[in-house]
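Residues per chain, in single letters:
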Amino acid sequence: SQQGEEDPQALSIQEGENATMNCSYKTSINNLQWYRQNSGRGLVHLILIRSNEREKHSGRLRVTLDTSKKSSSLLITASRAADTASYFCATDYGSARQLTFGSGTQLTVLP
Amino acid sequence: NAGVMQNPRHLVRRRGQEARLRCSPMKGHSHVYWYRQLPEEGLKFMVYLQKENIIDESGMPKERFSAEFPKEGPSILRIQQVVRGDSAAYFCASSPGTGWEQYFGPGTRLTVT
């Protein structure tokens, strides 16, 4: 089964609102990364948070990590129509460098 | 600095034909990863390579699939005798020797008819 699961599966909000997506995983990790994928396109790397970090910011993005609950959240503030995309969390663990992806959250920002 | 390059972007093959997907990593990156994405799903790891070496192929199907990353030139993912179930988007990612971030190419969308 997949390492990560995103929640919700789909989210629709108005432009200017904040969007929060959650990711849960099953085993201890080294790092957790968030990616964005526009429809039919490749993945864009957003942010990486290490297992010993609790919060990280990048522009309008805020990521938190709770290793005791094996979960992470991605907050996008002041959303824009251009933020419409699928968002995936991906984890790596142990000595393996492969990423294990969740099933994604489809975010729609309405103008 | 050019990103990860993949070609072709779209590939149509009939059942039984061979598909060859190419990936050129970002400049300075020596690690290449291949992932497959089925419709409406997340990406699934297939194989991890460094120059001339397969490091981890735990996600590769046992038959018909192979990958290489030669000393010179791009990494190649090869699918022999394609079947309809191979239809998917195939993404390549690269990373430098240090650091954990992986940077993805635009993908190759394979359609098997």
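Look above for the structure.
Calculation notes
As a convention, each chain's residues are numbered from 1 in the sequence order in which they are written. The naming scheme follows written order: chains are lettered A onward, ligands numbered 1 onward. In keeping with the predicted nature of the model, local features appear solely for residues at pLDDT of at least 70, side-chain atom pairs appear and are counted solely at 80 or more, and the whole-chain, interface and lining totals rest on all residues. To get the side-chain values, all heavy atoms of the structure are used, and hydrogens and water are removed first. Aromatic pairing here means that ring centres of Phe, Tyr or Trp (its six-membered ring) are within 6.5 Å. Orientation follows from the plane angle: under 30 degrees is stacked, over 60 is edge-to-face, and everything else is tilted. The helix and strand labels rest on DSSP assignments: H or I over at least four residues marks a helix, E over at least two residues marks a strand, and numbering proceeds from the N terminus. Relative accessibility under 20% of the residue-type maximum defines a buried residue, over 50% an exposed one, and the middle range a partly exposed one, all with a 1.4 Å probe and only protein chains included. The criterion is simple. A nonpolar core is a set of buried Ala, Val, Leu, Ile, Met, Phe, Trp, Tyr and Cys residues joined through side-chain atoms within 4.5 Å. Working rule for contacts: check all heavy atoms of both residues, and any pair within 4.5 Å makes them a contact. A pair of cysteine sulfur atoms is labelled a disulfide when the two atoms are within 2.5 Å. Using a 1.4 Å probe, buried area is obtained as the accessible area two parts lose upon being combined, added over both of them. Counted as salt bridges are all cases of a side-chain nitrogen of Lys or Arg within 4 Å of a carboxyl oxygen of Asp or Glu. For this analysis, a polar contact is any N or O atom pair within 3.5 Å, provided that within protein one partner can donate a hydrogen and the other can accept it, and provided that sequence-adjacent residues contribute only side-chain to side-chain pairs. Under the scheme applied here, ten amino acids are nonpolar (Ala, Val, Leu, Ile, Met, Phe, Trp, Tyr, Cys and Pro), four are charged (Asp, Glu, Lys and Arg), and all others, including Gly, are polar.

*Asks:* What exactly am I supposed to notice about the packing of aromatic side chains here?
*Replies:* The relation between two aromatic rings is expressed through the spacing of the ring centres and the mutual angle of the planes. Evaluated as defined, the whole model comprises eight aromatic pairs over all chains. Ring centres of Tyr35(A) and Phe104(B) lie 5.2 Å apart, and the angle between their planes is 85°; on these two criteria the pair is classed as edge-to-face. Separated into two different chains, Tyr35(A) in strand β4 (residues 31–37) and Phe104(B) in strand β10 (residues 103–104) make up a pair that spans both. This pair shows no difference in class: Tyr35(A) is buried, exactly as Phe104(B) is. Seen in terms of ring centroids, Phe101(A) and Phe104(B) are 5.9 Å apart; in terms of plane orientation they differ by 80°. Their pairing is edge-to-face. Of the two residues, Phe101(A) sits in strand β10 (residues 100–101) while Phe104(B) sits in strand β10, which places them in two different chains.

*Asks:* Is there a simple way to think about the nonpolar core in this case?
*Replies:* Generally speaking, a soluble globular protein has its nonpolar side chains buried in company with each other. If you look at the biggest cluster of nonpolar residues, it comprises 23 residues, and the most contacted ones within it are Trp34(B), Met46(B), Leu77(B) and Tyr90(B). Mapped by element, the contributors of at least two residues to this core are β3 (19–24), β4 (31–37), β5 (43–50), β7 (65–68), β8 (75–79), β9 (88–95) and β11 (108–112) of chain B. Leave out the neighbours within four places in its chain, and Met46(B) touches Trp34(B), Tyr35(B), Arg36(B), Asp56(B), Glu57(B), Ser58(B), Gly59(B), Met60(B), Pro61(B), Phe65(B), Leu77(B) and Tyr90(B). Residues Trp34(A), Ile47(A), Leu65(A) and Ile76(A) belong to the second largest nonpolar core, which totals 21 residues.

*Asks:* What should I look at first to understand the state of the cysteines in this one?
*Replies:* In a disulfide, the sulfur atoms of two cysteines are held together by a covalent bond. Residue and element names in this part refer to chain A. Under the criterion given, the structure shown has two disulfides over all chains. Between the sulfur of Cys23 and that of Cys89 lies a disulfide, 2.0 Å long from S to S. Looking down the S-S bond of the Cys23 and Cys89 bridge, the torsion is 70°, so its handedness is right-handed. Placement of the pair is Cys23 in strand β3 (residues 19–25) and Cys89 in strand β9 (residues 85–92), with a sequence separation of 66 residues.

*Asks:* Can you help me understand the interface of chain A and chain B in this one?
*Replies:* Many descriptions give the size of an interface as the accessible area lost when the pieces come together. Each partner contributes residues to the interface: chain A has 22 residues there, and chain B has 25 residues. Both sides of the chain A and chain B interface together cover about 1,800 Å² of buried area, and 53% of this is carbon and sulfur. The largest share of the area that chain A buries against chain B comes from Leu43(A), Arg97(A) and Gln98(A), three residues that together contribute 37% of it. Taken together, chain A and chain B are joined by zero salt bridges. One can count nine residue pairs in polar contact (both at pLDDT 80 or more) joining chain A with chain B. For the side of chain A that touches chain B, the class distribution of residues is seven nonpolar, 11 polar and four charged.

These results come straight from atomic positions and should not be treated as a statement about function.
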